[in-house]
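# Breakdown of the fold
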Amino acid sequence: MNYITFAFVIFTAVTVLLYYLWPWKKYQWCVLLAASYVFYCSSSVRMAVWMVITSIVIYLCALRMEKLGDAEAAALHRKKPDGTALLRPEKKALKAVFKRKRRALLTFGLLIIFGILAFFKYIPGLISGISGGRFTMNLLLPIGISFYTFQSAGYLIDVYNGQSRAEKNFFKIALFVSFFPQIVQGPISFYDQLGQQLYEEHKPDWRGFKYGLSLILFGYLEKMVLADRIVGYIYQVSDNYTQYSGTLTGLAILLYALQLYADFAGGINISIGIAQLFGISLQQNFRQPYFSASINDYWRRWHITLGAWMKKYIFYPLALTKVLTGLQKKLGKSDFGKTEFGRHLVMVLPASLSCLVVFLVVGIWHGAGMKYVAFGLWNGIIIMISMIFEPVFKGWNRKLSINEKSASFRIFQCLRTFLLVYIGYVFDVGKNFRACLGIFSSILTRQNFRSLPAEIHSVWGDFTSLTLVVVLFMTALLFAVDLWHERHPGMSLRGRIDAGPFVKEWFLVTACVITIVIFGVYGPGVNPVKFVYMNF
């Protein structure tokens, strides 16, 4: 069931109605559980089995880990037969035994759920690559499997670390894994942030309804009016880049930057808005990413919840490992470590190396294939270099008398960051790694600006003046909204509009609806384009 269908709108409306009319308020969450599985099974009943298996695995492993933790606490306070308390070495040995058991459970659970993800997402490509294409596995990737797998893994790790208590009710865990507004493409939630919200009673709230509906409306505007309107033009060129000039190919990548943001951010806005209809707050996933001052800043603003997951479960544990901290100490004692640059390198070494590994994982998370590895390495290496050589770059700025707080330098930083992001997008668009290299070569060596108007007319014949006006208008609108939020950090444009005159608020709502109805891509003969991250 695609978000961009009338059936989904009816499904959501019926679910909201049942949710608030449900007589047993203590079990209000059961409506969400039933709706989530109806939503998922509408796409594939067979694929829902794997989501159930994931839920069962993390439920049982978490319960057993918690029981072991309780048993450990009881054993540590238990006295010996002679009535004396356990000595410190005895307690340490006892803790080590229980820790090994809990770690074995954690490892088992993670291997199962990530094994399912790997089986569907990576094994078919690996088999095809090893066999040279002679053997293939045609597997249907479960919708949202990466998102619910990462969310489930986070819950399991939090229980292991004692940051969350294991949920005793299996069906509540099943809801946490399958909650339908976020299962398609996130955001990825932590159990301590989302769990209690799902299970507690919610009463109708008019302001929450308004905020949720306005966010849904804006998400549909981004998706239907902009993203779906230009997506065909992008892949028409990128899939056949050898037939066109590098100028047109570069323009297609630029359109992709716009389409991806409108598609992903639009889908997230719809997800967050739907959750808000039920009184549930999901985490924000975007914060004006194209206003980023550095590639590091960009990844703190783009897909925020994935970054938060990576930081919590991979970056910090890796940066604090004995290997990296030992390397840091060894370098710090060397003669190089006592120089000005050496001291800086010693300080950032664990973090920079951890970032490289994190982005390698991020690349692999995006998909199987060398182009995704290259995507991760490109971002990871850029961030590592920026961290290591930060004093050098600051020294250059001082020598050139650059005012780092000036508006012109800020604009330069944003443009520089976008260029780096733009290069990374080539790895998204290309069919494979070889195609990505071909696209780079085409952009660098086959520029022909004079023939661009004629080429656009011949290749994108239906890219009419009206389409251009709609695309430019929507681009300006997204820019204006992001610029407002950038200039008013911590404030909500929805809240500002709500606090304004009633006529102004409903004028904007009506304008959005009319724009979607007139310029949206939908209706008979239109196959709704899947969200970019839907099959992640």
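Residues numbered from 1 in each chain as written. Predicted model: local features only at pLDDT ≥ 70, side-chain atom pairs only at ≥ 80, totals over all residues. Heavy atoms only, no water.

## Describing the overall build of the protein
Our working definition: Secondary structure follows DSSP: runs of H or I at least 4 residues long count as helices, runs of E at least 2 residues long count as strands, and numbering of each begins at the N terminus. We compute the radius of gyration from the C-alpha atoms alone; for a globule the expected value is 2.2 Å times N to the 0.38, where N is the number of residues. Should any heavy atoms of two residues lie within 4.5 Å, those residues are considered in contact. Where accessible areas are quoted, they stem from the Shrake-Rupley method and a 1.4 Å probe; at the residue level, only the protein chains shown are allowed to cover.
Helices and strands together make up the secondary structure of the protein, namely 23 helices and zero strands. In summary, the protein has a C-alpha radius of gyration of 26 Å against a globular reference of 24 Å for 536 residues, a match within 12%. The C-alpha extent of the protein, read off along each of the three principal axes, is 95 × 75 × 60 Å. Taking all contacts inside the protein whose residues are at least 6 apart in sequence as the whole, residues at least 24 apart take part in 76%. Surface accessibility of the protein: about 26800 Å² in total, with carbon and sulfur atoms responsible for 68%.

## Notes on the packing of helix α3 (residues 45-77) against helix α6 (residues 145-160)
We count it as follows: Here the axes come from fitting lines to C-alpha atoms, over the contacting stretch only for helices, and the angles between their N-to-C directions go from 0 to 180 degrees. In what follows, roughly perpendicular refers to angles from 65 to 115 degrees, roughly parallel to angles under 35, roughly antiparallel to angles over 145, and oblique to any angle outside these ranges.
Orientation of α3 relative to α6, taken along the N-to-C sense of each, is 5 degrees, at an axis distance of 9 Å. The angle between α3 and α6 falls in the class roughly parallel. Between α3 and α6, the residues in contact are Trp50, Met51, Thr54, Ile58, Cys61, Ala62 and Met65 and Tyr148, Ser152, Tyr155, Leu156, Val159 and Tyr160, respectively.

## Description of unusual backbone geometry
Looking along the chain, the bond that leaves glycine 186 and enters proline 187 is cis, with omega of 5 degrees. With respect to the helices, strands and loops of the structure, proline 187 is situated in the loop between α8 (180-183) and α9 (191-199). A positive phi angle is found at histidine 303, which is not glycine, with a value near 50 degrees. Note on placement: histidine 303 falls in the loop between α12 (295-301) and α13 (304-319).

## Regarding the side chain of lysine 172
Which entries qualify depends on this criterion: Exposure classes here rest on a 1.4 Å probe applied to the protein chains alone. A residue is buried below 20% of its type maximum, exposed above 50%, and partly exposed in between. Counted charges follow a simple rule, with Lys and Arg positive, Asp and Glu negative, and His plus the chain ends left uncounted. Salt bridges are defined as contacts in which a side-chain nitrogen from Lys or Arg sits within 4 Å of a carboxyl oxygen from Asp or Glu.
For lysine 172, the position within the fold is in helix α7 (residues 170-178). Buried charge lysine 172 goes without a salt bridge, the closest partner of opposite sign being glutamate 167 at 4.6 Å. Setting aside residues up to four positions removed in sequence, lysine 172 forms contacts with Trp29, Glu167 and Tyr199.

## Description of the pattern of salt bridges
The full count for this structure, using the stated rule, is 13 salt bridges. Notably, a salt bridge pairs arginine 165 with aspartate 70, separated by 3.7 Å at the nearest N-O pair. Taken together, the residues span a long stretch of sequence, with arginine 165 in the loop between α6 and α7 and aspartate 70 in helix α3 at a distance of 95 residues. With its nearest N and O atoms 2.9 Å apart, the salt bridge here joins glutamate 486 to arginine 301. A residue pair is termed long-range when its members are at least 10 positions apart, and glutamate 486 in helix α21 (residues 465-487) and arginine 301 in helix α12 qualify at 185 residues. Note on glutamate 486: relative accessible area 22%, which makes it partly exposed.

## What to know about a positive patch on the surface
Filter applied, for reference: Candidate patch residues must exceed 30% relative accessible area and have no salt bridge, after which like charges are joined if within 9 Å and Val, Leu, Ile, Met, Phe, Trp or Tyr side chains if within 5 Å. Every charge is mapped to an atom, namely NZ of Lys, CZ of Arg, CG of Asp or CD of Glu.
Taken together, the side chains of Arg88, Lys91, Lys92 and Lys95 define a basic patch exposed on the protein surface. Here lysine 91 shows up in helix α4 (residues 88-121).

## Focus on the packing of aromatic side chains
Rules: Aromatic rings from Phe, Tyr and Trp, taking only the six-membered ring of Trp, are treated as a pair when their centres fall within 6.5 Å; an angle between ring planes under 30 degrees marks them as stacked, one over 60 as edge-to-face, and anything in between as tilted.
Applying the stated criterion across every chain, the model contains 51 aromatic pairs. Aromatic pair phenylalanine 11 and phenylalanine 180: ring centres 5.3 Å apart, planes at 70 degrees, arrangement edge-to-face. Here phenylalanine 180 lies in helix α8 and phenylalanine 11 lies in helix α1 (residues 6-21), a separation of 169 residues in the sequence. As far as the burial class goes, phenylalanine 11 and phenylalanine 180 line up, both buried. Where phenylalanine 418 meets tyrosine 422, the ring centres are 6.4 Å apart and the plane angle is 40 degrees; that geometry is what we call tilted. A residue pair is termed a helical-turn pair when its members lie 3 or 4 positions apart in one helix, as phenylalanine 418 and tyrosine 422 do in helix α18 (residues 407-429) at four residues.

## Examining helix α19 (residues 433-445)
To be explicit about the condition: Residue count minus one, scaled by 1.5 Å, sets the expected span of a helix. Pairs of N or O atoms are called polar contacts if they sit within 3.5 Å, as long as, within protein, a hydrogen donor faces a hydrogen acceptor (for residues adjacent in sequence, only side-chain-to-side-chain pairs).
Its 13 residues give α19 an end-to-end C-alpha distance of 18 Å, which sits within 8% of 18 Å, the value for a rise of 1.5 Å per residue. Ala435, Cys436, Gly438, Ile439, Phe440, Ser442 and Ile443 are the residues of α19 that are buried. Summarising the contacts, the buried residues of α19 are in contact with α10 (206-238), α11 (246-277), α16 (370-388) and α18. Sitting at the amino-terminal end of α19 is asparagine 432, which places a side-chain oxygen 3.2 Å from the backbone nitrogen of arginine 434.

## Quick look at the confidence of the model for the protein
Inclusion rule: Confidence of the prediction at every residue is given by pLDDT, a number between 0 and 100.
Of all residues in the protein, 96% attain a pLDDT of 70 or more, and the chain-wide mean is 88. Confidence, expressed as mean pLDDT per element, reaches its minimum in the protein at helix α5 (residues 123-130) with 70 and its maximum at α7 with 96.

## Some remarks on α13
Worth spelling out the cut-off: The term bend refers to the angle at a residue between two fitted axes, each drawn through seven residues, those ending there and those starting there.
By the largest-angle criterion, lysine 311 marks the main kink of α13, which is about 45 degrees. Listed in full, the buried residues belonging to α13 are Thr305, Leu306, Trp309, Met310, Tyr313, Ile314, Phe315 and Ala319. Where the residues of α13 are buried, they touch α4, α6, α14 (322-333) and α15 (340-366).

## Considerations on the packing of α3 against α7
Rules: Crossing chirality is assigned from the near helix's rotation relative to the far helix, an anticlockwise turn below a right angle marking it left-handed and a clockwise turn marking it right-handed.
Direction vectors running N to C along α3 and α7 enclose 125 degrees, while the axes themselves pass 9 Å from each other. Viewed along their axes, α3 and α7 adopt a mutual orientation that is oblique. Where α3 crosses over α7, the two elements pack in a sense that is right-handed. Contacts between α3 and α7 involve Met51, Ser55, Ile56, Ile58 and Tyr59 from the first element and Phe170, Ile173, Ala174, Val177 and Ser178 from the second.

## Describing the environment of threonine 515
Along the chain, the position of threonine 515 falls in helix α23 (residues 502-519). Sequence separation between threonine 515 and leucine 221 is 294 residues; the distance between their C-alpha atoms is 7.7 Å. Those residues in contact with threonine 515 that lie beyond four places of it in its chain are Leu221, Val225 and Gly520.

## Let's talk about the environment of glycine 520
As for its position among the elements, glycine 520 is in the segment after α23. For glycine 520, a relative accessible area of 14% gives the class buried. Taking the C-alpha atoms as reference points, glycine 520 and leucine 221, 299 residues apart in sequence, are found 7.5 Å from one another. Among residues more than four places away in sequence, those in contact with glycine 520 are Met224, Val225, Arg229 and Thr515.

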